Amino acid sequence: MNRFDWLIVLTITLLIFGWIGGAIQIIRIFSICMLPITPIFYYHQKDHFIHHINLTGVFLLFYAFCLTVIYNKTYAWSTVSYVEWGFLLLNCNLLMSLLLFAQRAVHPQKSIAIGWMIFVLLTGLIGLREIITGTHLPTNSGQQELLEMGYGINGIMDKTYAAATFGNYNEYVTALCSALPFLTYLIYNAQSFKKMTVPLLCLLLASVIIVVNASRGGILCIALCGIVYLFYYKRTSFRYKWLFLSVLCLCIALAIHKWGELLFSQITQRMAATTFSESGRTRIWQESWQAIRETWGFGGGSGVFVNKFSPVSHSIILEILVLYGLPGLFVFGWLIWKIWIRRKGSLVSTKMVLTMVFIMFIPYSIINSNYLQYAFFWVFLASLLIFATRGKNIETV
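Just so you know, these numbers come straight off a predicted model, no measurement behind them.

1. A closer look at the overall build of the protein
The helix and strand inventory of the protein stands at 17 helices and zero strands. Out of the 397 residues belonging to the protein, those deemed buried represent 56%. For the protein, restricting intrachain contacts to residue pairs at least 6 apart in sequence, the fraction spanning at least 24 positions comes to 77%. As presented, the protein carries roughly 17,600 Å² of accessible surface, and 69% of it is formed by carbon and sulfur atoms.

2. Some remarks on the packing of helix α1 (residues 3-13) against helix α5 (residues 80-104)
Two numbers describe how α1 lies on α5: the axes approach to 8 Å, and their chain directions differ by 150°. Taken together, the axis directions place α1 and α5 in an arrangement best described as roughly antiparallel. Judged by the twist between their axes, the crossing of α1 over α5 is left-handed. Only Leu 94, Leu 98, Phe 101, Ala 102 and Arg 104 of α5 make contact with α1, whose side of the interface consists of Phe 4, Leu 7, Ile 8 and Thr 11. Of the residues assigned to the contact of α1 with α5, the class counts are seven nonpolar, one polar and one charged.

3. What about the environment of Trp 19?
The topology assignment puts Trp 19 in the loop between α1 and α2 (26-34). According to the relative accessible area criterion, Trp 19 is partly exposed, its value standing at 24%. On a C-alpha basis, the gap between Trp 19 and Gly 167 in space is 6.4 Å, while along the polypeptide they are 148 residues apart.

4. Description of the confidence of the model for the protein
On average, residues of the protein score 80 in pLDDT, and 79% of them are at 70 or above. Looking across the protein, the model is least confident in helix α7 (residues 141-148), with a mean pLDDT of 51, and most confident in α1, with 94. For residues 275-279, every residue scores under 50 in pLDDT, and the model assigns this stretch ten contacts once sequence neighbours within four places are set aside.

5. Here we look at the packing of aromatic side chains
For the structure shown, the criterion picks out 22 aromatic pairs. Plain terms: the ring middles of Phe 4 and Phe 101 are 6.4 Å apart, the flat faces sit at 45° to each other, and that makes the pair tilted. Here Phe 101 lies in helix α5 and Phe 4 lies in helix α1, a separation of 97 residues in the sequence. A centroid spacing of 6.0 Å and a plane angle of 85° characterise the contact between Phe 166 and Phe 376, whose relative ring orientation is edge-to-face. Separated by 210 residues along the polypeptide, Phe 166 in the loop between α7 and α8 (169-189) and Phe 376 in helix α17 (residues 375-389) bring together distant segments of the chain. Judged by relative accessible area, Phe 166 falls into the buried class, the value being 3%. Assessed through its relative accessible area of 2%, Phe 376 is described here as buried. Sitting above the plane of the Phe 87 ring, Arg 28 keeps its charged end 3.6 Å from the centroid.

6. Some remarks on a nonpolar patch on the surface
Side chains of Phe 17, Ile 20, Ile 24, Ile 26 and Ile 29 sit close together on the surface and give an oily, nonpolar patch of about 400 Å² of accessible area. Within the secondary structure layout, Ile 20 lies in the loop between α1 and α2. Taking the relative accessible area as the measure of exposure, Ile 20 reaches 38% and is therefore partly exposed.

Scoring rules and cut-offs
- Residues numbered from 1 in each chain as written.
- Predicted model: local features only at pLDDT ≥ 70, side-chain atom pairs only at ≥ 80, totals over all residues.
- Heavy atoms only, no water.
- Helix = DSSP H or I, 4+ residues; strand = E, 2+ residues; numbered from the N terminus.
- Buried < 20%, exposed > 50% of the residue type's maximum accessible area, 1.4 Å probe, protein only.
- Contact = heavy atoms within 4.5 Å.
- Areas by Shrake-Rupley, 256 points an atom, 1.4 Å probe, with all protein chains shown as cover.
- Axes fitted to C-alpha atoms, helices over the stretch in contact; angles between N-to-C directions.
- Parallel < 35°, antiparallel > 145°, perpendicular 65-115°, else oblique.
- Left-handed = near helix turned anticlockwise from the far one by under 90°.
- Nonpolar A, V, L, I, M, F, W, Y, C, P; charged D, E, K, R; others polar.
- pLDDT = per-residue confidence, 0-100.
- Phe/Tyr/Trp six-rings, centres within 6.5 Å; stacked < 30°, edge-to-face > 60°.
- Lys NZ or Arg CZ within 6 Å of the ring centre and 35° of its normal.
- Patch = residues over 30% accessible without salt bridge, like charges linked within 9 Å, V, L, I, M, F, W, Y side chains within 5 Å.
- Salt bridge = Lys/Arg side-chain N within 4 Å of Asp/Glu carboxyl O.

Written out as structure tokens, the structure reads:
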């Protein structure tokens with residue numbers, strides 16, 4: 001691994017700070033530092049796909065800025081709109097920086113997977129502490145106050161959950177689900193049982209936290225990733241295949257034996273307290289569609305949720321449509337299509353990762369809201385693009 005590999009690891013690792021610092025997050029400071037350097041790296045690269053990604057990003061930023069200015073001047077919105085556009089700029093720069101790092105890295109896929117593993121390990125330890133002690137970091141003060149005031153969370157009065165350094169536990173679950181495919185990549189490519197141990201423990205740690213948080217979308221993501229992994233894993237010639245499966249089943253059985261009551265009580269309480277009814281996400285989605293109609297499918301620009309439509313969308317697709325309309329959805333669809341068509345010529349392990357993402361996309365896309373504000377979502381998208389573009393290289397762990 002060279003210095004660009006370590007830059008990839010560092011960038012993903014910085015996600016562990018989550019919402020510490022509020023608007024001035026560590027990952028955003030890093031992106032600001034990269035703003036003058038990214039054009040220099042871009043000037044010296046010759047990859048046509050990176051060139052197309054850059055042009056697409058410039059178009060999205062320009063279109064979003066025009067929408068923001070028009071609606072801000074028309075309805076006298078607050079300056080928060082321009083702040084959120086600035087966050088979009090930093091997130092796009094983060095994505096481009098990772099793509100440019102990968103052009104010069106020796107093992108970009110391995111570096112990405114290691115970065116996500118470190119993220120899960122460090123935040124997972126904080127999450128375990130939250131589950132055991134019931135104390136949370138100041139970044140999660142909102143949900144903690146709801147419990148202390150007796151309002152409960154999602155109808156549950158005594159909620160056990162882990163949010164680590166993030167604003168709420170659904171956001172943390174979304175971040176953990178982003179890491180699942182890359183953890184399985186490390187496990188799949190491990191050359192010995194010893195090298196498989198750490199990513200396996202991280203995978204189990206992430207799974208336990210997701211189940212304790214009782215996120216239905218997160219639990220479905222775990223199940224779908226597991227099915228895809230077993231489909232690909234049965235065709236490997238790994239010497240310790242059955243030992244690995246036996247240890248995995250043993251760990252799951254021990255976890256159920258020790259924390260089974262807690263795990264399943266969280267799920268049953270969540271199912272009993274919330275449904276996809278008029279009072280839940282269905283109402284939110286209906287209001288999002290109303291917002292899309294009011295903006296004629298062109299989007300309302302950055303800050304539209306803060307200034308005009310207070311309910312968040314709880315869906316990536318609806319969020320893109322409300323913010324940036326059909327042009328924004330076209331850009332997102334183009335990126336997804338490029339990832340899919342480049343999957344065909346990739347190695348088996350890379351195909352496995354990309355297949356997992358496509359299979360779990362629907363439940364992943366409705367776990368939480370404000371995806372486009374989260375730096376980890378853009379890092380996740382950059383990771384997929386790197387896997388799709390560099391998927392023909394054999395990288396052992």
